[in-house]
Amino acid sequence: MDLIQNTVDLSAYLAADEAIDHHHPVVRKAAARLAAEAADSYDYARAAFAFVRDAIPHSQDCGDLRVTWRASDVLALGTGICYAKCHALAALLRAEDIPTALCYQRLTDGEGGHAVHGLVAVRFDGAWHRQDPRGNKPGVDAQFSLHGEQLAWTPDPASGELDYPLLYAAPHPAVLAALRAAPGRPYLWRTLPNSL
C-alpha cells in the first residue's frame, strides 16, 4: 500500500500540538531517558516503540477505565487505548526530531461492527514505515520494523476492514473528538469512530 502524506510539508510531522505535546516536561524526561541509552535515531525509535508498547498497558487489556489522549497524560498516568498510545509514541519520536505520522485502520470490533484503530508511521531513509504500539497480548505480536510491517492486525477486506493510506500530522478530528468527549472508557467504547 502506498502511504500518502496529508500535507507535503515534512516539518508538520515534527510539530507539537495539544495531543502530541512533545515539549511537555513529562515527555521530555521520558525522551531524555530513552535517548541516553540509544546509539542512534533508529535505536531510539525502536526503544521508544518498545517502551510505549510494553510499559504503558492498553487500558482495555488492564481494565483501566480512564481515558487519556494527550501524550503527556498517557506517559504520566501509564494508560491509554491505541490512539492515546500512538500520541505518546509520536511525541517521543518527534521530541528527538524523527518525523512521525498518525495513521489508521478500520477493523471489526468483535460485536458485529467496526472501529477505527490507531497506528503511527515513522520516516527513515526517505520512506514511511507503519508501527503499532497498541500492546501485545495472546494473538497480537506487533514489532518495530523498517523491513516489512509487523502490525497487530492485517485487515480483511471481506469483513469490511481496510488500511487508510493517509498519514496525518495531527490526530484525525473524529478520533480526537471521541477521546476528548469521553468521561470514561465504557462511554468511549460506545462512541469510537467506525470509519474515517
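About the criteria used
Residues numbered from 1 in each chain as written. Predicted model: local features only at pLDDT ≥ 70, side-chain atom pairs only at ≥ 80, totals over all residues. Heavy atoms only, no water. 1 Å grid on protein atoms, 1.4 Å probe; cavity = no way out; pocket = protein on both sides within 12 Å on 5 of 7 lines; lining within 4 Å. Points joined across faces, edges and corners; volume = space filled by probe spheres on them. Helix = DSSP H or I, 4+ residues; strand = E, 2+ residues; numbered from the N terminus. Nonpolar A, V, L, I, M, F, W, Y, C, P; charged D, E, K, R; others polar. Salt bridge = Lys/Arg side-chain N within 4 Å of Asp/Glu carboxyl O. Buried < 20%, exposed > 50% of the residue type's maximum accessible area, 1.4 Å probe, protein only. Polar contact = N/O pair within 3.5 Å; in protein donor to acceptor, adjacent residues only side chain to side chain. Contact = heavy atoms within 4.5 Å. Axes fitted to C-alpha atoms, helices over the stretch in contact; angles between N-to-C directions. Parallel < 35°, antiparallel > 145°, perpendicular 65-115°, else oblique. Left-handed = near helix turned anticlockwise from the far one by under 90°.

Draft legend 1. Highlighting the layout of surface pockets. Approximately 570 Å³ is the volume attributed to the largest pocket. Residue assignment for the lining of the largest pocket shows that the elements contributing at least two residues are α5 (82-95), β2 (100-108) and β3 (114-124). The dominant element in the lining of the largest pocket, judged by the number of residues it contributes, is β3, at four residues. Tallied by class, the residues present in the lining of the largest pocket amount to nine nonpolar, eight polar and five charged.

Draft legend 2. Focus on the pattern of salt bridges. Per the counting criterion, the structure on display carries 10 salt bridges. A salt bridge links Lys 137 to Asp 61, with the shortest nitrogen-to-oxygen separation between them at 3.8 Å. Here Lys 137, found in the loop between β4 (127-131) and β5 (162-163), pairs with Asp 61, found in helix α3 (residues 59-62); they are 76 residues apart in sequence, far enough to count as distant. Lys 137 gets classed as partly exposed once you look at its relative accessible area, which sits at 35%. Given the relative accessible area of 37%, Asp 61 is considered partly exposed.

Draft legend 3. Spotlight on unusual backbone geometry. A positive phi angle, close to 60 degrees, is found at Asp 97, a residue other than glycine. Among the secondary structure elements, Asp 97 is positioned in the loop between α5 and β2.

Draft legend 4. Examining the side chain of Thr 100 more closely. Here Thr 100 shows up in strand β2. Under the relative-accessibility criterion, Thr 100 is labelled buried at 0%. Looking at Thr 100, its side chain comes within polar contact range of the main-chain oxygen of Ile 98, at 2.9 Å. With sequence-adjacent residues up to four places away left out, Thr 100 is seen in contact with Tyr 13, Ala 90, Leu 93, Arg 94, Val 120, Ala 121, Val 122 and Trp 128.

Draft legend 5. Layout of the packing of helix α1 (residues 25-36) against helix α2 (residues 41-55). Closest axis-to-axis distance for the α1/α2 pair is 9 Å, and the angle between their directions is 125 degrees. Taken together, α1 and α2 sit at an angle that is classed as oblique. Considering the relative orientation of α1 and α2, their crossing is right-handed. Contacts between α1 and α2 involve Ala 31, Arg 33, Leu 34 and Ala 35 from the first element and Tyr 44, Ala 47, Ala 48 and Phe 51 from the second. Classifying every residue of the contact of α1 with α2 gives seven nonpolar, no polar and one charged.

Distances and angles like these do not, on their own, reveal function.
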